[in-house]
Amino acid sequence: MRVIKAKSILTRCNFPGVDFSANPYVGCMHCCKYCYAEYMTRFTNHSPPWGSFVDVKYWDEIKNLQKYSGKTIVISSVTDPYQSCETKYKRTHVLLEQLLDVEVNVIIITKSDLVLRDLNLIKRFEKVTVALSINTLDETFRRDMDCATSIERRIDVLKTLHDAEIPTVCFISPIFPKITNPQKIVLAVKEYCNMIWLENLNLKGANKGRILNYIYKRHNNLLPLYRDIYINNDMSYWQLLDNEIELFANTRHFKYTHDFALVENCDQLTIVNCFFHDKIASSNSNK
């Protein structure tokens, strides 16, 4: 663990519907085996493996704060803002306090129940959403994949936030083909969230070999499917799953869309499919 001085805390972001991202830490101790953010080591000059280090960011007071008025800021895009070191360093807490002075739309994405520590602070924002990442209801698989809060506890956090009238999202990410069951997760959380975001497992770089090796050892019967998807670039599985979830949503009167939307525009439980962003949508439109 080391403390570093950051030039700034807000950076432009290319996430759909998001203007800026803020990452109070470099690295993450949740050690998610599938984490795409591992590529960050190319820019941070860290030699230890991703998941084994965290840099704690300190930054000067945010300048020209009013220029962010009306903007959407995600906390965080490549780290968990409420990993365990937040208990001591409180960099996410400080960031939220700084952002109270401007009318921004804040989206917090986490796997941790530590977010509840800041519940009273979060409630002070006019526009705020908290998303809990859940990609399985199987605690054994969850433990295989990360060192974060249990799935049961994450669902409890969604309920607590929802009861406190905080807009909530269940972020079903990443979806592991034939392992993650999005429909079951939706049914488990539907009373406690306003929106569901779906994101596919996307394997690039070091995590590709690591996950394919895990599938070989633990789910060998799925190896041909994973090879089709991640070696042969066959998207048919995602197209089929897209159709299945859309039918599931329609039969239960949930809204289903490929267009990213924020909770403030959501008047019913809305499922947002972000599989490969626009590729699945355009593929289905050409059928």
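See above for the structure.
This report concerns the structure included in the present document.

Definitions and limits used
Residues numbered from 1 in each chain as written. Predicted model: local features only at pLDDT ≥ 70, side-chain atom pairs only at ≥ 80, totals over all residues. Heavy atoms only, no water. Pairing = 2+ DSSP bridges. Helix = DSSP H or I, 4+ residues; strand = E, 2+ residues; numbered from the N terminus. Axes fitted to C-alpha atoms, helices over the stretch in contact; angles between N-to-C directions. Contact = heavy atoms within 4.5 Å. Phe/Tyr/Trp six-rings, centres within 6.5 Å; stacked < 30°, edge-to-face > 60°. Buried < 20%, exposed > 50% of the residue type's maximum accessible area, 1.4 Å probe, protein only.

**Observations regarding the sheet that holds strand β12 (residues 270-273)**
Now for step 1: Across the sheet, nine strands lie side by side as β2-β3-β6-β7-β8-β9-β10-β12-β11; this open sheet has mixed pairing. Unpaired on one side and paired on the other, β2 (10-12) and β11 (255-257) mark the two borders of the sheet. In this sheet, adjacent strand axes meet at a mean angle of 25 degrees when their direction is disregarded.
Now for step 2: Here β11 pairs with β12 via three bridges, running parallel. Of the residues in β12, the one forming a bridge with lysine 255 is threonine 270.
Now for step 3: Against the sheet, helix α3 (residues 91-99) contacts β3 (20-22), β6 (72-75) and β7 (105-110), and its axis sits at roughly 170 degrees relative to β6.

**Overview of the packing of aromatic side chains**
Now for step 1: Inspection of every chain in the model, using the stated rule, returns nine aromatic pairs.
Now for step 2: Residues phenylalanine 141 and phenylalanine 176 carry aromatic rings whose centres are separated by 5.1 Å and whose planes lie at 85 degrees to one another, so their mutual orientation is edge-to-face. Note that phenylalanine 141 is positioned in helix α5 (residues 139-145) and phenylalanine 176 in the loop between β9 (168-175) and α7 (182-189), a separation of 35 residues in sequence.
Now for step 3: A relative accessible area of 4% means that phenylalanine 141 is categorised as buried.

**A few points about the sheet that holds strand β1 (residues 2-6)**
Now for step 1: Across the sheet, three strands lie side by side as β1-β5-β4; this open sheet has mixed pairing. At either margin of the open sheet sits one strand with a lone partner, and together these are β1 and β4 (25-26).
Now for step 2: Where β4 meets strand β5 (residues 55-59), two bridges bridge the pair, whose relative direction is antiparallel. Within β5, the residue paired with valine 26 across the bridge is aspartate 55.

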